[in-house]
Amino acid sequence: MAAFAERMAPILALWLAVFLSGALAVERANFKTCDQSAFCKRQRALNPGESPYRALLETMELTNTRLTLQLKNDKNKVRLLLELYRLQGNITRVKINELKPLKPRYEVPDVLIREPPTEPLSLLSQDKNGVVLSLGAESQRVIVSAQPFRLDIMEGRDVLLSLNSRGLLAFEHLRLRKDTQTDQEPEDAELDDEAISNEKVEDGMWEETFKSFTDTKPNGPTAIGLDFSLPGVEHVYGIPEHADNLRLKTTDNGDPYRLYNLDVFQYELDNPMALYGSVPVMLAHNIQRTTGIFWLNAAETWVDISSNTAGKTVFGKMLDYVQGSSETPQTDVHWFSESGIIDVFIMLGPTPKDVFSQYASLTGTQAFPPLAALAYHQCRWNYNDQEDVALVDAGFDEHDIPYDFIWLDIEHTDGKRYFTWDTNKFPTPKEMLQRLMDKKRKMVTIVDPHIKVDSSYKIHNEIKSLGFYTKNKDGADYEGWCWPGSAGYPDFSREDMRAWWASMFAYDQYEGTMENLYTWNDMNEPSIFNGPEITMHKDSKHGEWEHRDLHNLYGFYVQRATAEGLIQRSGGVERPFVLSRAFFAGSQRYGAVWTGDNAAEWGHLKMTIPMCLSIGLVGISFCGADVGGFFKSPSSELLVRWYQTGAYQPFFRAHAHLDTPRREPWLFGPENTALIREAVRQRYSLLPYWYQQFYHTYLTGHPVMRPLWVEYPQDPATYALDDEFLIGRDLLVHPVTEEGATGVTAYLPGKEEVWFDVHTFQKHNGGQNLYIPVTMSSIPVFQRGGSIIPRKLRVRRSSSCMEQDPYTVYVALGRQRAAEGELYIDDGHTFSFEKKEFIHRRLSFANNNLSSVNLAPEAHFSTSSIIERIIILGGSKPTKATLKTADGQKSQLEFDFNASTSVLTLRKPGVNAGTDWTVVLQ
């Protein structure tokens, strides 16, 4: 039988590949709706205003760091324990758990970077109806109402956020199954046995069937839920990953947004279905403030959103205005998860950037990637062999298109055995890697977390002998079907398993690898072709915990272990690059993500913008989408437009399905090759700015690719925009995403701002919708007046070849004829920047003086790059331009002035980029 299974494995894998690739669209029937999820149905069936919970004020204990009190369910007498913390940085944490559970409930580990530091809470008042506590700054306080239990966070007279104001708090306590109960009494003597026994037992509480899959539930119903009300709020964002608008929609007439990491190939657009990643963070924004909600739970989660303004027509809103309606807009959000506890962090802003910093203080910031990882990546499923790799590599040189990474998918391995090479197709991988290294280029190979069950496979044998596989409900090693056929799934929730996995990336373990080989983790939701919803059975086991408790953490752990392996193989010197398809809160600490198996369709191109914006809002800045679309074949117009869009998104990789025609950039005719070349070259010239932005997000958690409202939070015209975006503060991009477009309309924010077209240098006023005629060569990009952006205009075959090249500094003057920017330089690939080995300079223009001053006097690093040109947009013609260097030397600079565009070009300053200097215009 085993031999038969071994023979059938490749056949089944091939059948699955054909089946998956042949699908015209997502097979919706493979994935649950809320009505097909028992706990979702139960939570949604709760009636607002009927909360059974009251706060037992006599149980309240207040220490310097936390408040605790008990909540009692008056229907069944089950008690919960509420913990409330005031955290540093204007964050409030609320935890709710059973007071005396039959056994511990799952609490998410490893996502928080530390136990969050607290600040003192103080009691302001108390009576029989509730208590009022001070949250410190700006008259912020929290009001705990007793019956029914409710929690309000206020500032002055304004309610910022309410918990359980709609009475939807639900906490399904652990219990013994009626037909298996013994004489054992629950510990809590107050429990109303009669009330508990009379609780309605619904289908799906102890066992649930979906299609042919049965989910046993030995712990019974364990769902939790809580509602949040946001007065004055009409716009909420976040909770990726969904192929939907940036601004989240109301869900009253459809399914809630679902957070459950799934392999949803060729997903539908404008849909709240779950996708590959889940970050349970929502941002709420209005003119007054931005607030964040972080629901720390790794189980299947659904989020309902309703608004009292959502159903109003424009006429209805106008009527409210004319009649002086006093109705305050409000958004209500209902979160519910299948298991675990309620552990929620309320981030009180008040600005968008405050919320980003608050969330980063909890889960960390984006890992600072190697500079080359921000350049262009070339990938498909699959490059056939070493000769194919060499031909593609040579094709880029022949057509003068730069690239940094070439990728190998699953076919490069020996029969889908990861950490191996197909010795027929890739007989000398080190020679292949060395040829790339000689050109200062790199490679990525895929390492997926499904391990072929094969007694001749070292990786499988070691995982099995160490007992590191996830178990099924009966305690045997869990097996499912994926690309290799029958596969085991390592238990990445185990620290010792992750340490072993990391050790496998050592050069003497992963044979044929070198320092220019990096890693891609795919299928890590985990994807299991013959599993329920194409993933792991929820009743499989990770030690004492069920998979249902930690499902959304699996991909997070895989990427973490891989990143740690790449760091360890270099002795802790080199920064890793790891791409992951699945992700969770905190994944930003370990690398990049992408939006999964999209399609070569215009709608999918357009959707890359809101998807990456949403992911960036919740901490993961290193986001991209498969350029050209993974499934199907793009027209030449779509491919060009996708390159032009991807060149201005954080992760820039072309990727295509095995069954699609080859689409290297030079295969669509010389005109399209030239257009793609120009888009890629624009990316390379801006690498200094991209790298600087990633350094900032590493420091602050602020997104690199950001919605306009982040920088213009008091401009309602920006709140729903998701067809354009900012890179940092200073570059605004409005990609062309419509077929046959002859023009686009871009909103230029800021009534006091000016914006410069980076191609024509034409100046435009902010606070307007600007119609821009476009041709196939157009990429509408604008530099903000008042900013300074360094570029490298000598584009070479890879970013590493440009390391010592000179800079051109673009100074865009604002209305006050001033500007400011930065220049950041380090070695581009090691952790030496953590030891202050870098250059960080402020560039400032004021009073006709342009100067470079050191922002980090304690840092030390040297560069041979010089400033070879300064271009001042919105400038005026001087009589002379004098360069003053740090050693007191003065020299006159040559310059040109274009009166028609008001562009002043200063030529050949020749000053070292890491030194102090000033240019004086007279």
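These remarks concern the structure in this document. Everything numeric here is computed off the predicted structure, so don't read it as measured data.

## So, the overall build of the protein
A tally of regular secondary structure across the protein gives 16 helices and 52 strands. Its C-alpha radius of gyration of 29 Å places the protein within 12% of the 29 Å reference for a compact globule of 922 residues. In terms of overall dimensions, the protein has a C-alpha envelope of 95 × 75 × 55 Å along the principal axes. Going through the 922 residues of the protein one by one, you find that 62% of them count as buried. Carbon and sulfur atoms make up 49% of the accessible area of the protein, which amounts to about 33,900 Å² in all. Taking the average location of the 94 positive side-chain charges in the protein and that of its 119 negative ones, the two points are 5 Å from each other.

## A short note on the packing of helix H13 (residues 636-646) against helix H14 (residues 670-685)
In contact at an axis separation of 8 Å, H13 and H14 are set at 10° when each is read in the N-to-C sense. Classified by the angle their axes make, H13 and H14 are roughly parallel. Of the residues in H14, those touching H13 at Ser636, Leu639, Val640, Tyr643, Gln644 and Gly646 are Asn672, Leu675, Ile676, Ala679, Val680 and Arg683. By residue class, the composition of the contact of H13 with H14 is seven nonpolar, four polar and one charged.

## Concerning the state of the cysteines
Per the counting criterion, the structure on display carries two disulfides. Across a sulfur-sulfur distance of 2.0 Å, Cys34 and Cys40 are joined as a disulfide pair. With the S-S bond torsion at -100°, the cross-link from Cys34 to Cys40 turns out left-handed. A single burial state applies to Cys34 and to Cys40, both of which are buried. Each disulfide of the protein joins two cysteines, and with those cysteines numbered along the sequence the arrangement is 1-2, 3-4. Not part of a disulfide, Cys482 finds its nearest cysteine sulfur in Cys379, a span of 17 Å.

## A closer look at the sheet that holds strand E30 (residues 578-580)
Strand pairing in a sheet takes place through backbone hydrogen bonds and is either antiparallel or parallel in direction. Spatial ordering of the closed barrel is given by E21-E22-E23-E27-E30-E31-E32-E33, a layout of eight strands whose pairing is parallel. Taking each pair of neighbouring strands and ignoring which way they run, the sheet shows an average axis angle of 30°. Here strand E31 (residues 592-594) runs beside strand E32 (residues 623-627); their pairing, made up of two bridges, is parallel. What sits directly across from Val593, in E32, is Cys623.

## Some words on the layout of surface pockets
Of the pockets and cavities examined, the second largest pocket occupies roughly 640 Å³. Lining the second largest pocket are 31 residues, and of these Ser800, Glu803, Asp827, Gly828 and His829 sit closest to its centre. Counting residues per element, the ones that place at least two in the lining of the second largest pocket are helix H15 (687-700) and strand E44 (819-825). Across the lining of the second largest pocket, the residue classes tally to 13 nonpolar, nine polar and nine charged.

What counts as what
Residues numbered from 1 in each chain as written. Predicted model: local features only at pLDDT ≥ 70, side-chain atom pairs only at ≥ 80, totals over all residues. Heavy atoms only, no water. Helix = DSSP H or I, 4+ residues; strand = E, 2+ residues; numbered from the N terminus. Rg over C-alpha atoms; globule rule 2.2 N^0.38 Å. Buried < 20%, exposed > 50% of the residue type's maximum accessible area, 1.4 Å probe, protein only. Areas by Shrake-Rupley, 256 points an atom, 1.4 Å probe, with all protein chains shown as cover. Lys, Arg positive; Asp, Glu negative; His and termini not counted. Charge placed at Lys NZ, Arg CZ, Asp CG, Glu CD. Axes fitted to C-alpha atoms, helices over the stretch in contact; angles between N-to-C directions. Parallel < 35°, antiparallel > 145°, perpendicular 65-115°, else oblique. Contact = heavy atoms within 4.5 Å. Nonpolar A, V, L, I, M, F, W, Y, C, P; charged D, E, K, R; others polar. Disulfide = S-S within 2.5 Å. Pairing = 2+ DSSP bridges. 1 Å grid on protein atoms, 1.4 Å probe; cavity = no way out; pocket = protein on both sides within 12 Å on 5 of 7 lines; lining within 4 Å. Points joined across faces, edges and corners; volume = space filled by probe spheres on them.

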